[in-house]
Every structure is written in C-alpha cells, then in structure tokens.
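Below are the chains, spelled out letter by letter.
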Amino acid sequence: MASVEDCRAALTKLVAQFDEIDEANRAKHVVERTVSCRVSDIDVIFYGRLHHGGLDPFTEQPPADGKSADVKLTIVSDDLIALVDGELDLARALLGGRVKIDASFGDLLRLRRLL
C-alpha cells in the first residue's frame, strides 16, 4: 500500500503529463470538468479540475462550491501509481474492476483518448 505522499506525487506527475499534451489535442478532447480521485485503501480523496489549459494540481480540499465532481475515480493507491507510471492500462483496469469511474459516457471516451 502506497502512502498519501506517494499518491500526491503520482497525481503531480499526472498533471505534468497532461501539460505535455499538445494544445490542439487538448482543445479537441477536453471539456472543463471537476475531478475527484478517491484512493480507497488509504481513505483520501483528491480534487482537481480539467480544462483546455491542462489539469490543475490536485488538492485534498473539496471545491468551494460544494458540488460533486463531474468525473469520480475510485482506485487503490498502488494501482493509482501504476496507472500514472504507465504500468497499468486504464481500459484493462476498468474491465477488471481495479478502477471505477463515475462519469458520463462522453467523458469516459474523452478521458480514454487523453490517458
């Protein structure tokens, strides 16, 4: 089991990976969405925001507006790190029940193209 710090570092790496996506591709596939990532085995939720400019850094503070996230991921800490490091394929993880995503079908398709 990874620590909260390890998960925070993985999400920081994910933000950096999104920054590497070229602007044309982001503009084509990104719609502004709030994102939550619940790491179930260490009982922590990280919150972020996806937009045309990239992915904002994740924090443990819920959005000030109190609304639920548009895209909600649930994952265990080791799988989060493996996913960000490219060692775990998102589609296989979804099919295998290792990652749960609560989002619209359109958002799922957009995420798949970006990850």
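Within each chain, residues carry numbers counting from 1 in the order of the written sequence. Totals for whole chains, interfaces and linings use every residue, but because this is a predicted model, local features are given only for residues with pLDDT of at least 70 and side-chain atom pairs only at 80 or more, for both listing and counting. Heavy atoms from the whole structure form the basis of all side-chain values; hydrogens and water molecules are not counted.

A. Molecular detail of the side chain of Ser36. Note on conventions: DSSP H or I runs of at least 4 residues are helices, E runs of at least 2 residues are strands, and numbering of each starts at the N terminus. Within the secondary structure, Ser36 is located in strand β1 (residues 33-39). Residue contacts are counted whenever heavy atoms from the two residues lie within 4.5 Å of one another. Dropping the residues within four chain positions of it, Ser36 is found in contact with Ile45, Phe46, Tyr47, Ala69, Val71, Lys72 and Leu73.

B. Region of the structure containing unusual backbone geometry. Not every positive phi belongs to a glycine, and Asp43 is a case in point at roughly 50 degrees. Position of Asp43 among the secondary structure elements: in the loop between β1 and β2 (44-51).

C. Region of the structure containing the packing of helix α1 (residues 4-19) against helix α3 (residues 77-84). One can describe the packing of α1 onto α3 by two numbers: an axis separation of 9 Å at closest approach and a directional angle of 25 degrees. Relative to α3, the element α1 is oriented roughly parallel. In terms of crossing hand, the pair formed by α1 and α3 is left-handed. Every residue of α3 that contacts α1 at Asp6, Cys7, Ala10, Leu11, Lys13, Leu14 and Gln17 is listed here: Ser77, Leu80, Ile81 and Val84. Three residue categories are used. Nonpolar comprises Ala, Val, Leu, Ile, Met, Phe, Trp, Tyr, Cys and Pro, charged comprises Asp, Glu, Lys and Arg, and polar comprises the others, including Gly. Partitioning the contact of α1 with α3 into residue classes produces seven nonpolar, two polar and two charged. Orientation is described by lines fitted to C-alpha atoms, with helices fitted over the stretch in contact, and by angles between N-to-C directions that extend from 0 to 180 degrees. Any angle that is under 35 degrees is reported as roughly parallel, and any over 145 degrees as roughly antiparallel; angles of 65 to 115 degrees are reported as roughly perpendicular and all others as oblique. A crossing counts as left-handed when the near helix is turned anticlockwise from the far one by less than a right angle, and as right-handed when that turn is clockwise.

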